[in-house]
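Examining the three-dimensional arrangement
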Amino acid sequence: MHNTAPFDAQIHTAVAEICTRVKQEGDHALVAYTKAFDGHVPTSLEVPQHMLKEAYDTLDIELRQALEHSYARIAQYQSHIRYNDGDATNDMYETYHPLERVGIYVPGGKASYPSTVLMTATLAKVAGVSDIIVVTPPQNGNIAQSVLAACWITGVTRVFQVGGAQSIAA
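One structure accompanies this document, and this report is about it.

A few words on the pattern of salt bridges. Taken as a whole and judged by the stated rule, the model has 4 salt bridges. The partner of Lys-53 in a salt bridge is Asp-57, with the nearest N and O atoms 2.8 Å apart. One end of the pair is Lys-53 and the other is Asp-57, both in helix α3 (residues 49–58) and 4 residues apart, which spans about a single turn. A relative accessible area of 32% means that Lys-53 is categorised as partly exposed. With its nearest N and O atoms 2.9 Å apart, the salt bridge here joins Arg-101 to Asp-131. Here the residue Arg-101 occupies a position in strand β2 (residues 101–105), and Asp-131 occupies one in strand β3 (residues 131–135), the gap between them amounting to 30 residues. Note on Asp-131: relative accessible area 17%, which makes it buried.

Contact pair helix α1 (residues 9–25) / helix α2 (residues 27–38): the axes reach a minimum separation of 6 Å and the direction vectors enclose 135°. Taken together, the axis directions place α1 and α2 in an arrangement best described as oblique. Counting all contacts with α1, which are made through Glu-17, Ile-18, Arg-21, Val-22 and Glu-25, the residues of α2 involved are Asp-27, His-28, Ala-29, Leu-30, Ala-32, Tyr-33 and Phe-37. In terms of residue class, the contact of α1 with α2 is made up of 7 nonpolar, 1 polar and 4 charged.

Cut-off values and rules
Residues numbered from 1 in each chain as written. Predicted model: local features only at pLDDT ≥ 70, side-chain atom pairs only at ≥ 80, totals over all residues. Heavy atoms only, no water. Salt bridge = Lys/Arg side-chain N within 4 Å of Asp/Glu carboxyl O. Helix = DSSP H or I, 4+ residues; strand = E, 2+ residues; numbered from the N terminus. Buried < 20%, exposed > 50% of the residue type's maximum accessible area, 1.4 Å probe, protein only. Axes fitted to C-alpha atoms, helices over the stretch in contact; angles between N-to-C directions. Parallel < 35°, antiparallel > 145°, perpendicular 65-115°, else oblique. Contact = heavy atoms within 4.5 Å. Nonpolar A, V, L, I, M, F, W, Y, C, P; charged D, E, K, R; others polar.

Here's what the structure looks like:
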C-alpha cells in the first residue's frame, strides 16, 4: 500500500511566495522568516567558525567520541565505495569530478540531528567537495551544540541559522 499525501495547492503557493520573497529581499527575508517561524532574530545568519570549534571543544567527551567514531566509520565506508578508475582501459573510461559546492539541510526545531550532518557532509568531503554549507533552524535562539560539533568534525565550511523553505530558497 502506498501512502502519499495528496498535493496541497495551499502549501505549494506558500512555498512559492517564500521563494519569491527570498529571491527579491535576500537576507532581509531570511531574518523575517526566522523571526516568524523560529521566534528568533539572529544578529548574524552565519555562524562563525570559532563557534563550531567551541561546540566541539566543550561537547560531552562521550558524545564527541561517538561523533568522531561515526565520522570515521562513515568516511571509511564512503571511501571504500567511491569510484576509482581501476577498470578503465585505453579505449573506455569514466571520469568523475566532485561538485564545487553542496548545500545540506539539517532539520531542527524540536530535536537536533548531528547524524544528518555526519551522513551528508562526510559523503561530500570524501567525494572531494570543497565548499560544504549547512543550513539549520535555530532552537531557542541557538543551534544544537552537537550539530555544530558534527559540522566541525566533518569540515563543513559554512553554517547558517535559518531553516524551512526559505533556507532552501537562499
